[in-house]
Amino acid sequence: MSEAALPGQTKKTGVGDAAVVRGRQDEDVVVGGEIVRHRLSSRVIHWAVALFFFVALFSGLPIWTPLFGWMATLFGGLSVCRWLHPWSGIVFAAATLVMFIHWFAEMKLTDTDREFLTPGGLVRYMRYQGEDSEVGKYNGGQKLLFWAAALATLGLLLSGIVMWFPEPFGNGLRQLSYVVHDIAFILFFAMIIGHIYLGTAAEPGTFNAIVRGTVTKEWARLHHPKWYRQVTGDARKR
Ligand code: HEM
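Residues numbered from 1 in each chain as written. Predicted model: local features only at pLDDT ≥ 70, side-chain atom pairs only at ≥ 80, totals over all residues.

Moving on, we come to the overall build of the protein chain. Assigned secondary structure in the protein chain consists of ten helices and three strands. In sequence order, the secondary structure elements of the protein chain are arranged as α-β-β-α-α-α-α-α-α-α-β-α-α. Per-residue burial for the protein chain yields a buried fraction of 22% across its 238 residues. Contacts in the protein chain between residues at least 24 apart in sequence constitute 53% of all its contacts with a sequence separation of at least 6. (Helix = DSSP H or I, 4+ residues; strand = E, 2+ residues; numbered from the N terminus. Buried ≥ 20, exposed ≤ 12 C-beta atoms within 10 Å, placed from the backbone. Contact = placed C-beta atoms within 7 Å.)

Below you can see the structure in the form of C-alpha cells.
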C-alpha cells in the first residue's frame, strides 16, 4: 500500500505506483498483478495523434458545411478555422507518421489475424467464444485500424494539399481531391467512433492501457492470451 508523502519526502511507491514508474520506459513487463502494456512514449504519441485529429476535425467541419458553423466559435470564428484546419491537419499527419513508425513492426498481419477478420472469427470474438488462444498483443481488428488510419491520413494529406494550393493542379484533380477528402474523413470518423467504443465502454480496463499504461493480468488473459503467455511465461492456454 502506498503512503502519502510528507513535504520534502519522496513518496513511497506501492505495487500500483511501481507499475506506473516502470511504464515510463518499459512495456510488456509484469509488475505485481498488472502488466505494462503501453510505455509512456507510446501513450504520448497516441494522444498527440488523437488531439490533432479532433482539432482538425472540429475546425474542418464548419468549413465543410454551415450546419456545423457553430463549432467555429470553439476556435474564435470561421477565419481562424480556415488557417487552423490545414495546419492542424499537417501536424496530425506528422504525428500519425511518428505513430506509424513507432508501431509498424507490431502491426504486421499474421495468418491468425486473417482468420480473426473473417465474419465467423469476428462473431466468435464478439461472443467471447473465440477458441483462438493465438491472439497476440494486438488482434486483427486493431491492426486493421492501424493500417486504415495510415491510409486514410495519407489520402487526407494529399487531397488537402491539392485543395490548399490548387493553382498547379488541373481541374479534374482538384474536383477529385474534394471527393477523396470528404470520403476519407467520413470513413475515418466512423472508424474512430468504433475505436473509442471498443477502447472504453465495450471492454472495461482497455482505456487504462492508454492512460495509465497498465492492464490487469485477467484483462490480458481474456483479450490477448498469446501476449499474456509471452509476457508472464504462463504456458496454460485459455
Ligand atoms: C478519445 C479518443 C480515443 C480513445 C478513447 C482511444 C483509445 C485507445 C485505447 C484504449 C487504445 C489501446 C488499446 C489496447 O491497448 O488494446 C488505443 C490504441 C490505438 N489508438 Fe486510440 N483512442 C482514441 C483516439 C484515437 C485516434 C483519433 C486515433 C487515430 C487517428 C487512434 C489510433 C489508435 C491506434 C492505431 C491504436 C493501436 C491499435 C489499437 O489498439 O486499436 N486513437 N486507443
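There is more to say after this.
So, about the packing of helix H2 (residues 40-64) against helix H3 (residues 78-103). Two quantities define a packed helix pair, namely the angle between the helix axes and the distance between the axes. Two elements in contact, H2 and H3, have axes separated by 8 Å at closest approach and are oriented at 150°. Our classification of the angle between H2 and H3 gives roughly antiparallel. The hand of the H2/H3 crossing is left-handed. Of the residues belonging to the contact of H2 with H3, the class tally is 17 nonpolar, nine polar and one charged. (Axes fitted to C-alpha atoms, helices over the stretch in contact; angles between N-to-C directions. Parallel < 35°, antiparallel > 145°, perpendicular 65-115°, else oblique. Left-handed = near helix turned anticlockwise from the far one by under 90°. Nonpolar A, V, L, I, M, F, W, Y, C, P; charged D, E, K, R; others polar.)

Any residue range with low pLDDT should be treated as having predicted coordinates unsuitable for detailed reading. Per-residue pLDDT for the protein chain has a mean of 90; in total, 89% of the residues score no lower than 70. Here residues 1-12 is modelled with pLDDT under 50, and outside its nearest four sequence neighbours on either side it reaches nine contacts, counting other chains as well. (pLDDT = per-residue confidence, 0-100.)

Here the focus is the site of the ligand. With respect to spatial proximity, 19 residues lie near the ligand, and among them Ala 50, Phe 53, Gln 142, Gly 199 and Ile 210 are the closest. Taken together, the elements giving at least two residues each to the shell around the ligand come down to H2, helix H6 (140-164), helix H7 (171-199) and helix H8 (206-211). Grouping the amino acids of the shell around the ligand by side-chain chemistry returns twelve nonpolar, six polar and one charged. (Near = placed C-beta within 6 Å.)

Below, the discussion takes up the nonpolar core. Core analysis: the biggest nonpolar cluster contains nine residues, these being Ala 19, Ile 35, Val 36, Ala 209, Val 215, Trp 219, Ala 220, Trp 227 and Tyr 228. When contributions to this core are tallied by element, the ones reaching two or more residues are strand E2 (34-36), helix H9 (217-223) and helix H10 (225-232). Membership of the second largest hydrophobic core comes to eight residues, among which are Phe 53, Ala 56, Ala 95 and Met 99. (Core = buried A, V, L, I, M, F, W, Y, C linked by C-beta atoms within 7 Å.)

Turning next to the packing of H3 against H6. Where H3 meets H6, the closest approach of the two axes is 10 Å, and the angle between their N-to-C directions is 150°. By the angle between their axes, H3 is roughly antiparallel relative to H6. In the crossing of H3 with H6, the sense of the turn from one axis to the other is left-handed. Within the contact between the two elements, H3 uses Pro 86, Gly 89, Ala 93, Thr 96, Phe 100 and Trp 103 and H6 uses Phe 146, Ala 149, Ala 150, Thr 153, Leu 156, Leu 157, Gly 160 and Trp 164. The class makeup of the residues in the contact of H3 with H6 is ten nonpolar, four polar and no charged.

This next bit is on the environment of Val 55. Here Val 55 lies in helix H2. Spatially, the C-alpha atom of Val 55 lies 8.8 Å from that of Phe 92, the residues being 37 residues apart in sequence.

Inspection of H10 places Pro 225, Trp 227 and Tyr 228 among the buried residues, and these make up the whole buried set. For H10, the buried positions fall inside an angular range of 155° around the axis, keeping them on one side. Turning to H10, the residues buried within the fold contact H9. Positive backbone phi, approximately 80°, marks Gly 233, located one or two places after H10. (Arc of directions from axis to C-beta.)

With that out of the way, let us pick up the environment of Phe 188. Relative to the helices and strands, Phe 188 resides in helix H7. Residue Phe 188 is classed as partly exposed on the basis of its 19 C-beta neighbours within 10 Å. Between the alpha carbons of Phe 188 and Phe 53 there is a distance of 10.0 Å; along the sequence they are 135 residues apart.

Read from one edge to the other, the open sheet built from three strands follows the order E1-E2-E3, with strand pairing classed as antiparallel. Edge positions in the sheet fall to strand E1 (29-31) and strand E3 (214-216), since each of these pairs with one other strand and no more. Averaged over all neighbouring strand pairs, the angle between strand axes comes to 35°, with direction disregarded. (Pairing = 2+ DSSP bridges.)

Notably, Asp 28 is not glycine yet its phi reads approximately 60°, a positive angle. Among the secondary structure elements, Asp 28 is positioned in the loop between helix H1 (15-22) and E1.

Before going further, it helps to examine the environment of Ser 133. By the secondary structure assignment, Ser 133 is in the loop between helix H5 (119-126) and H6. Given 14 C-beta atoms within 10 Å, Ser 133 falls into the partly exposed group.

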